[in-house]
Amino acid sequence: MTQLENEISALKKEIVNMWILVQSQLNKAREAMIKFDKDLAREVLVKEKRVNSFELKIDRDVENIFALYCPVAIDLRFLLAALKINTNLERIGDIASGIAKYVVDSAVNYDTAALESTSLLRMYDEAVNILIDTRTAFENEDTVLARSIFKRDDVLDAINDNAPITVAEVIKADITSINEALFILSIIRKLERVGDQSKNIAEEIIFYVEAKILKHSASQKGKKENE
Amino acid sequence: MESTIVSSENFNAYFGDNHVVKDVNIKIKRNEVIAVMGPSGCGKTTYLRCINRMHELIPGATSKGLMKLDDQDVYKMNAIYVRYKIGMVFQRPNPFPNLSIYENVIAGYLLNGLKISKADKDVIVEKSLTSAALWKEVKDSLHKKGTFLSGGQQQRLCIARAIAMEPELILFDEPTSALDPISTSSVETLFHELKANYTLIIVTHNMQQAARVSDKTAFFYLGELVEFDDTKTMFTNPKDQRTQNYITGRFS
């Protein structure tokens, strides 16, 4: 392997490690939400600093590789994609800590029935699964799996679109649950962003492996390709 | 401006039995800068030397196929005339050591016995040195020897010497490989300026130079033209795996 290949391989491992941390943050925020575990939620908030450190380190490593190796072709595309994936992962990390902060700030436990009726738990599981699958697509350079993310994001969008109705029903059933219901609505909105970030990452994987640009109108084409 | 100046059709070159350029088909448009790259021994310099018929000067060297300049078969033209139309600059600056800067610029006229007036010579010298971005640096020392200049200046003097004959095409065989980074940069800047009036074909081992200066890049491997495309495409999304392996340093 050339030194550039070694550097890129090390960078890829670094990104995967960040991915695993972000995924763990999202899972812990979920557990904290369900169990109303404020200590676990605080742990997520503390570990957010590690996510930020990862982002800075990856940015710096990419900058150094650009400066020292003048990468071209697939190496250049990988590094451009790495920068954007890094930003998207950091934002997903922010979302996890945002959800954890709701748990810390909430006065009472979330009602299990409300979590079910608003499809929040189903949405959460799907968002985490999408994030895991984008990581697998990244590790294996699997553009078929990356393309499948576009379609699966539709599930999150549908739950998000329906959220005003389902959350209103929670409020109607118990007017005193209004604060809790608004937290649920906010979490649904955040999870929808996890889907969007994962979709952006999937586009970057396809760009880096196949040199195809799917963002904006082209991403819709990618979605259609899977239908 | 979009017309083809050089084209090859099934062009082959040989050193005895050694087949060094294989069935090359290419069309080069006027006023483009073309970089030719590839590993050592891939045939890129041989191909370049076939364009102005320098290849045939080597004993045992032959060629087959069609090489056209302005739609005329180069190999049916007078070889001297071909070299009027096609200037060449080599790897190492090679000004004539016994001639002054002034005489070096008009060496093409002097050596071919072309008689021109002193006034015309002055015009040609100033115009050529200006085009080669050297006039300001040497205008007060035109009658000093060319070898008195720095390496980068000597190479620009050689470019001025090529320009003086008003060629249509200038071939460069690794023109900056013997120069320091500052001289390299001044020659590369010059390529951009020369493009307005000339077509340039540059053989280079320096891939970043190919990326910086050329509009299109040709990649040769084992005598074949593997890929010829816009430089931006070549360096971001090469179509052939061999090109990708070469430009990313994964060549074995």
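Structure report, in brief. (Residues numbered from 1 in each chain as written. Chains lettered and ligands numbered in written order. Predicted model: local features only at pLDDT ≥ 70, side-chain atom pairs only at ≥ 80, totals over all residues.)

## Digging into the overall build of chain B
Then comes step 1: On a plain count of helices and strands, chain B comes out with 11 helices and 10 strands.
Then comes step 2: For 252 residues, the compact-globule estimate of 2.2 N^0.38 gives 18 Å, and the C-alpha radius of gyration of chain B, at 18 Å, lies within 12% of that figure.
Then comes step 3: If one aligns the C-alpha atoms of chain B with their principal axes, the spans along those axes are about 55 × 40 × 35 Å.
Then comes step 4: Burial status across chain B gives 45% buried among its 252 residues. (Helix = DSSP H or I, 4+ residues; strand = E, 2+ residues; numbered from the N terminus. Rg over C-alpha atoms; globule rule 2.2 N^0.38 Å. Buried ≥ 20, exposed ≤ 12 C-beta atoms within 10 Å, placed from the backbone.)

## Let's talk about the overall build of chain A
Then comes step 1: From N to C terminus, chain A includes 8 helices and 0 strands.
Then comes step 2: When the helices and strands of chain A are read in sequence order from the N terminus, they spell out α-α-α-α-α-α-α-α.
Then comes step 3: A globule of 227 residues ought to have a C-alpha radius of gyration of about 17 Å, and chain A, at 19 Å, matches this closely.
Then comes step 4: Expressed as lengths along the three principal axes of its C-alpha atoms, the size of chain A is roughly 65 × 40 × 20 Å.
Then comes step 5: Counting every position in chain A, which comprises 227 residues, the buried fraction comes to 41%.
Then comes step 6: Considering only intrachain contacts with a sequence separation of at least 6, the fraction spanning at least 24 residues in chain A is 80%. (Contact = placed C-beta atoms within 7 Å.)

## Regarding the pairing of strand 4 (residues 61-69) of chain B
Residues and elements named next belong to chain B.
Then comes step 1: Examined bridge by bridge, strand 1 (residues 4-15) and strand 4 share 8 bridges and lie antiparallel to one another. Within the sheet, the bridge partner assigned to Asn12 lies in strand 4 and is Lys64.
Then comes step 2: Looking at chain direction, strand 4 and strand 5 (residues 72-73) are connected through 2 bridges and run antiparallel. Along strand 5, the bridge assignment pairs Leu69 with Gln72. (Pairing = 2+ DSSP bridges.)

## A few points about the nonpolar core
Then comes step 1: Counting residues in each nonpolar core, the largest one holds 139 residues, and the members touching the most others are Ile184(A), Val36(B), Leu200(B), Ile201(B) and Ile202(B).
Then comes step 2: Examining the composition of this core, we find that 16 residues originate from one element, helix 3 (residues 73-105) of chain A, more than from any other.
Then comes step 3: Apart from residues no more than four positions distant in its own chain, Ile201(B) is found in contact with Ile28(B), Ile34(B), Val36(B), Leu48(B), Leu169(B), Leu171(B) and Phe172(B). (Core = buried A, V, L, I, M, F, W, Y, C linked by C-beta atoms within 7 Å.)

## Re the interface of chain B and chain A
Then comes step 1: The interface is formed by 10 residues belonging to chain B together with 10 residues belonging to chain A.
Then comes step 2: At the level of secondary structure, the elements contributing two or more residues to the side of chain B that touches chain A comprise helix 10 (231-236) and helix 11 (241-247) of chain B.
Then comes step 3: Tallied by class, the residues present in the side of chain B that touches chain A amount to 3 nonpolar, 6 polar and 1 charged. (Nonpolar A, V, L, I, M, F, W, Y, C, P; charged D, E, K, R; others polar.)

## Brief notes about the pairing of strand 10 (residues 224-230) of chain B
Consecutive side chains of a regular strand alternate in pointing toward one face of the sheet and then the other.
All names here are of chain B.
Then comes step 1: Note that strand 9 (residues 216-221) and strand 10 share 6 bridges and pair antiparallel. Pairing of Lys216 across the sheet is with Asp230, part of strand 10.
Then comes step 2: Between strand 9 and the antiparallel strand that follows it, strand 10, lie 2 residues; Leu222 among them carries a positive phi value of about 50°.

## Considering the environment of Tyr75(B)
Residue and element names in this part refer to chain B.
Then comes step 1: By the secondary structure assignment, Tyr75 is in the loop between strand 5 and helix 2 (79-85).
Then comes step 2: The sequence separation of Tyr75 and Glu188 amounts to 113 residues, and the corresponding C-alpha distance is 31 Å.
Then comes step 3: Contact partners of Tyr75, with chain neighbours within four places excluded, come to Arg53 and Met67.

## A short note on the environment of Phe219(B)
Then comes step 1: Topologically, Phe219(B) is positioned in strand 9.
Then comes step 2: With residues near it in sequence (within four places) discarded, Phe219(B) still touches Met37(B), Gly38(B), Val226(B), Glu227(B), Thr243(B) and Tyr246(B).

## Focus: unusual backbone geometry
Residues and elements named next belong to chain B.
Then comes step 1: A positive phi is found at Asp23, a non-glycine position, where the angle reads about 45°.
Then comes step 2: Mapped onto the elements, Asp23 comes out in strand 2 (residues 18-29).
Then comes step 3: Of note, the phi angle at Asn31 is positive, near 65°, even though the residue is not glycine.

## Observations regarding helix 7 (residues 178-210) of chain A
Then comes step 1: The terminal C-alpha atoms of helix 7 of chain A, which comprises 33 residues, lie 48 Å apart, in line with the 48 Å expected from a rise of 1.5 Å per residue.
Then comes step 2: Just beyond helix 7 of chain A, the residue with positive phi is Ala211(A), at close to 60°. (Expected span 1.5 Å × (residues − 1).)

## Describing helix 6 (residues 143-173) of chain A
Then comes step 1: Taking 1.5 Å per residue as the helical rise, helix 6 of chain A with its 31 residues ought to reach 45 Å, and the 45 Å between its terminal C-alpha atoms agrees with that figure.
Then comes step 2: Buried within helix 6 of chain A we find Ala146(A), Ile149(A), Phe150(A), Asp153(A), Leu156(A), Ile159(A), Asn160(A), Ala163(A), Val167(A) and Val170(A).

## So, the packing of helix 2 (residues 38-69) of chain A against helix 3 of chain A
Residue and element names in this part refer to chain A.
Then comes step 1: The N-to-C vectors of helix 2 and helix 3 enclose an angle of 165°; their axes lie 9 Å apart at closest approach. For the element pair helix 2 / helix 3, the angle class is roughly antiparallel. Relative to helix 3, the crossing made by helix 2 is left-handed.
Then comes step 2: Class assignment for the residues of the contact of helix 2 with helix 3 results in 15 nonpolar, 4 polar and 7 charged. (Axes fitted to C-alpha atoms, helices over the stretch in contact; angles between N-to-C directions. Parallel < 35°, antiparallel > 145°, perpendicular 65-115°, else oblique. Left-handed = near helix turned anticlockwise from the far one by under 90°.)

## Regarding the packing of helix 1 (residues 3-35) of chain A against helix 3 of chain A
Residues and elements named next belong to chain A.
Then comes step 1: Contact geometry of helix 1 with helix 3 gives a least axis separation of 9 Å together with a crossing angle of 15°. Taken together, the axes of helix 1 and helix 3 lie roughly parallel to each other. Considering how the two elements wind past one another, helix 1 and helix 3 form a crossing that is left-handed.
Then comes step 2: Split by residue class, the contact of helix 1 with helix 3 holds 20 nonpolar, 4 polar and 1 charged.

## Observations regarding the environment of Gly41(B)
All names here are of chain B.
Then comes step 1: Its place among the elements puts Gly41 in the loop between strand 3 (33-37) and helix 1 (44-51).
Then comes step 2: Here Gly41 falls in the partly exposed class, since 13 other C-beta atoms lie within 10 Å of it.
Then comes step 3: Here the alpha-carbon distance between Gly41 and His55, two residues 14 residues apart in the chain, equals 15 Å.

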